[in-house]
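Chain residues, written in single-letter form:
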Amino acid sequence: MSAAPRGPRLPRPRAGRQHHAGPLTYAVLAVVALVSLFPLYWTLVAASTDAHAVVSTPPPLVPGGNLFKNLSFVWHNAGGRGMGVALVNSALVAGSVTLGTVTFSLLAGFAFAKLRFRGRGALMGLVVATLAVPAQLSVVPLFILMKDLGQGNHLSALILPALVTAFGVFFMRQFLVQALPTELLEAARMDGAHSLRVVWHVVVPIARPAMAVLGMLTFVQSWNDFLWPIIAMNGSTNPTVQVALAGLGTGWSTDWSVIMAGALIGTAPLLLVFVLFGRHIVGGLTQGAVKG
């Protein structure tokens, strides 16, 4: 009995095999990168011109020679006390809000994800329902509350209301439901670990990628927040970056070159944070996905 003829062998996919991008992929990525970077480049161009050139037709596309002059003006005059004070205030507010949001959202998310208690589903539904309430509706009662607490025109009025968010709790809860095995918690309990030790040694290492993403989103949102700071810090000489930028370029005519110079200074810390921690966030997400 003759053996059946064998067909051509198909190559087996190798584990960890890398797929190389073609020229079209690089062309699309280059176009996307250019479109994404153009607003930042235009901010640099506008900040380096004067008030007349920035509104001319056609607009300038090459940086001018007034960049350091405009930056110096903004640095010494923005917000009444200079942009340096505003940067420190924004860093203090954004850093405190980020630390509080990540910490409290992690604890609440862990409780909703893995702990069993009465009314857990109803409370989680109430937290999610608050996401549908517009933030503008809470401005007036929040302003009255901060005034009654004696926190008006203080940086604490910007920090206290934002120490925990419904989105942060929901985000951490959804991550821990899938990423945190119940067996690890049971093993830790059998070893005699109390709740804080379980959170520190079991929950935090697993939730680190989600904590990094939530921290980055919270920092950027807090740094760029304008509505609540301009209301809570009305008349204050200790503004944040966005409040300080609101007073730039005012007068008989708006000086957009000065405003763009201030926007350039206000954007630089965000770019620095992304450059320093962006790779760690992406690496943490990849690590979490592989472990899952």
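The rules behind each value
- Residues numbered from 1 in each chain as written.
- Predicted model: local features only at pLDDT ≥ 70, side-chain atom pairs only at ≥ 80, totals over all residues.
- Heavy atoms only, no water.
- Helix = DSSP H or I, 4+ residues; strand = E, 2+ residues; numbered from the N terminus.
- Buried < 20%, exposed > 50% of the residue type's maximum accessible area, 1.4 Å probe, protein only.
- Contact = heavy atoms within 4.5 Å.
- Polar contact = N/O pair within 3.5 Å; in protein donor to acceptor, adjacent residues only side chain to side chain.
- Expected span 1.5 Å × (residues − 1).
- Core = buried A, V, L, I, M, F, W, Y, C linked by side-chain atoms within 4.5 Å.
- pLDDT = per-residue confidence, 0-100.

A word on the environment of Ser90. If you trace the backbone, Ser90 turns up in helix H3 (residues 83-114). The class for Ser90 is buried, based on a relative accessible area of 5%. Between the C-alpha atoms of Ser90 and Thr240, which are 150 residues apart in sequence, the distance is 4.9 Å. Not counting chain neighbours up to four residues away, the residues in contact with Ser90 comprise Gly95, Trp223, Thr240 and Val241. There is a polar contact of 2.8 Å between the side chain of Ser90 and the backbone nitrogen of Val241.

Turning our eyes to something else, we now look at helix H7 (residues 166-179). Note on helix geometry: an α-helix contains 3.6 residues per turn, so any two residues three or four positions apart are oriented the same way. Over its 14 residues, H7 runs 20 Å from end to end, which matches the ideal 20 Å to within 8%, given 1.5 Å per residue. For H7, the secondary structure elements touched by its buried residues are H3, helix H4 (120-129) and helix H9 (195-224).

The biggest cluster of nonpolar side chains holds 20 residues, and the ones touching the most others in it are Val74, Ala78, Met83, Leu87, Trp223, Val241 and Leu248. The set of elements that each furnish at least two residues to this core consists of helix H2 (67-77), H3, H9, helix H11 (241-246) and helix H12 (256-291). Broken down by element, this core gets its largest block of residues, 6 residues, from H12. Contact partners of Met83, with chain neighbours within four places excluded, come to Val74, Trp75, Ala78, Val241, Leu245, Gly262 and Ile265. In terms of nonpolar packing, the next biggest core, distinct from the first, is built from 19 residues, Leu176, Ala188, Ala193 and Met211 among them.

What follows deals with the environment of Gln178. As for its placement among the helices and strands, Gln178 is situated in helix H7. Taking the relative accessible area as the measure of exposure, Gln178 reaches 71% and is therefore exposed. On a C-alpha basis, the gap between Gln178 and Ala113 in space is 9.0 Å, while along the polypeptide they are 65 residues apart.

You can see Thr98 is positioned in helix H3. At 3.4 Å, the side chain of Thr98 forms a polar contact with the backbone nitrogen of Phe219. What Thr98 contacts, discounting residues up to four positions off in sequence, is Gly215, Thr218 and Phe219.

Right, let's talk about unusual backbone geometry for a bit. In this structure, Pro58 follows Thr57 across a cis peptide bond, with omega equal to 0 degrees. Of note, Pro58 is situated in the loop between helix H1 (23-47) and H2. In this structure, Asn153 takes a positive phi of about 60 degrees despite not being glycine. Within the fold, Asn153 resides in the loop between helix H5 (139-148) and helix H6 (156-159). Looking at Asn153, the relative accessible area reads 37%, which means it is partly exposed.

What follows concerns the confidence of the model for the protein. Averaged over every residue, the pLDDT of the protein is 84; residues scoring 70 or more account for 87%. The spread of mean pLDDT over the elements of the protein runs between H12, the lowest at 75, and H3, the highest at 93. Segment residues 288-292 is flagged for pLDDT under 50; beyond a separation of four residues in sequence, or across chains, it makes 1 contact in the model.

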